[in-house]
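Working through the structure, step by step
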Amino acid sequence: MSFGDRLAGVFAASGRLCVGIDPHAHLLESWGLAASASGVREFGLAVVEATKGRAGVVKPQVAFFERYGSAGYAALEEVIGAARSAGLLVIADAKRGDIGTSVTAYAEAWLTPGAPLEADAMTIAAFQGVGSIEEPMRLAEANGKGLFVLAATSNPEAAAIQRAVVQDGRRAGSTVARAIIEDVQSFNQAQTPSAFGSVGLVLGATLDLTGFGIDIAGEPGVNRAPVLAPGFGHQGAKVEDAPRLYGSFAGGVIVSESRGLLGAGPSGLADAIARRAEEVRASHV
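Residues numbered from 1 in each chain as written. Predicted model: local features only at pLDDT ≥ 70, side-chain atom pairs only at ≥ 80, totals over all residues. Heavy atoms only, no water.

Helix and strand content of the protein: 12 helices and eight strands. Computed over the C-alpha atoms, the radius of gyration of the protein is 18 Å, within 12% of the 19 Å expected from 2.2 N^0.38 for a compact globule of 285 residues. Principal-axis analysis of the C-alpha atoms gives the protein an extent of 55 × 40 × 35 Å. In the protein, 76% of the contacts between residues at least 6 apart in sequence involve partners at least 24 apart. Averaging the positions of the 23 positive and the 29 negative side-chain charges in the protein gives two centres separated by 3 Å. (Helix = DSSP H or I, 4+ residues; strand = E, 2+ residues; numbered from the N terminus. Rg over C-alpha atoms; globule rule 2.2 N^0.38 Å. Contact = heavy atoms within 4.5 Å. Lys, Arg positive; Asp, Glu negative; His and termini not counted. Charge placed at Lys NZ, Arg CZ, Asp CG, Glu CD.)

Structure representation (structure tokens):
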């Protein structure tokens, strides 16, 4: 089954909420856990357990595990394995980006069936050009996996690059963000029809996307790109505003939230996820 069809199944069964697994140092401390590989392991497994049966997607932030070296990666492997065994769709927030065989190796690490770090999708950067991630896109499509390509991110310093205008080539005159989106959509539309494309986008919920030159008024088209949408909850975006924020992309929005939920602590997390998941469902995103 394609990633897009699997994602549509999760939407139908469990809604659009994605729970971030972000073991910040201050959260580990407030949860009474050590700032160590064993601490992030316990944290991650607790988030998986709290999410199971309440939401359908989790997104471990790889950097918070990577800082503990090989032991941190072992913890991450266990957390990802537990999440997938629980029937959750796992998006590895790795934000890898490179060219040639290097970026292909990153994709193989996260998107190969049976690999130690096997996830259902990963985040990836393509500011070297979407052509630089052609092999990861093909690997994702072939393996029933997904990619989420950074296009318009919420950190203010990114705007100068993402709103810059492409100077030559077939996307000349488009902003960098729009060029990335159009290249992703072209790839998806060339694949077998599915509920959503295998290659999605990261579009921040705190942004005015039209200011990035992004057309949110057009028709979604076949194999439309799903959208991983950070910025809800703690960062201030409201889920009821998603149709206005995302326009034609709204039907594929994954509502990603981390700190706003994780701050409830280990004893309150399950209830916080259940409440938030119901709010997302009630908003009819």
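Attention now moves to the packing of aromatic side chains. Applying the stated criterion to the full structure yields three aromatic pairs. When the ring of Phe 11 is compared with that of Phe 196, the centres are 5.7 Å apart and the planes differ by 75°; the resulting orientation is edge-to-face. Here Phe 196 lies in the loop between α9 (176-189) and β6 (199-203) and Phe 11 lies in helix α1 (residues 3-14), a separation of 185 residues in the sequence. According to the relative accessible area criterion, Phe 11 is buried, its value standing at 12%. You can call Phe 196 buried: its relative accessible area is 6%. The ring of Phe 11 has Arg 16 lying over it, and the distance from NZ or CZ to the ring centre is 4.3 Å. (Phe/Tyr/Trp six-rings, centres within 6.5 Å; stacked < 30°, edge-to-face > 60°. Buried < 20%, exposed > 50% of the residue type's maximum accessible area, 1.4 Å probe, protein only. Lys NZ or Arg CZ within 6 Å of the ring centre and 35° of its normal.)

As a further point, take helix α3 (residues 37-51). The end-to-end C-alpha distance of α3 is 21 Å, a good match for the 21 Å that 15 residues give at a rise of 1.5 Å each. Within α3 the residues assigned to the buried category are Ala 37, Gly 39, Val 40, Phe 43, Gly 44, Val 47, Val 48, Ala 50 and Thr 51. Looking straight down α3, one finds that the buried residues subtend no more than 165° of arc, so they occupy a single side. Positioned one or two residues after α3, Gly 53 has a phi angle of 80°, which is positive. (Expected span 1.5 Å × (residues − 1). Arc of directions from axis to C-beta.)

It is worth spelling out the sheet that holds strand β3 (residues 89-96) at this point. Taken in spatial order, the eight strands of this closed barrel run β1-β2-β3-β4-β5-β6-β7-β8, and their pairing is parallel. Neighbour to neighbour, the strand axes of the sheet diverge by 30° on average, direction disregarded. Helix-sheet contacts for α3 involve β1 (17-21) and β2 (57-60), and the interaxial angle to β1 is about 165°. Each of β3, β4 (121-124) and β5 (146-152) is contacted by helix α6 (residues 100-111), which is oriented at about 150° to β4, the strand it contacts most. (Pairing = 2+ DSSP bridges. Axes fitted to C-alpha atoms, helices over the stretch in contact; angles between N-to-C directions.)

A few words now on the packing of α3 against helix α5 (residues 69-85). Two elements in contact, α3 and α5, have axes whose closest approach is 9 Å; the angle formed by their N-to-C orientations is 10°. Taken together, α3 and α5 sit at an angle that is classed as roughly parallel. From α3, Ala 37, Val 40, Arg 41, Gly 44, Leu 45 and Val 48 reach across to α5, where they touch Ala 71, Gly 72, Ala 75, Glu 78, Val 79, Ala 82 and Ala 83. Counted by class, the contact of α3 with α5 contains nine nonpolar, two polar and two charged residues. (Parallel < 35°, antiparallel > 145°, perpendicular 65-115°, else oblique. Nonpolar A, V, L, I, M, F, W, Y, C, P; charged D, E, K, R; others polar.)

It is worth spelling out the environment of Thr 192 at this point. Mapped onto the elements, Thr 192 comes out in the loop between α9 and β6. For the pair Thr 192 and Val 19, spaced 173 residues apart in sequence, the C-alpha to C-alpha distance is 29 Å.

What follows is about the pairing of β6. Buried residues dominate β6, accounting for five of its five residues. Both faces of β6 are covered, namely the face carrying Val 199, Leu 201 and Leu 203 and the face carrying Gly 200 and Val 202. Pairing geometry for β5 and β6, over five bridges, is parallel. Across the sheet, the residue bridging to Ala 152 is Leu 203, located in β6. Note: β6 against strand β7 (residues 227-229), two bridges, orientation parallel. In the sheet register, Val 202 faces β7, and the bridge partner there is Leu 228.

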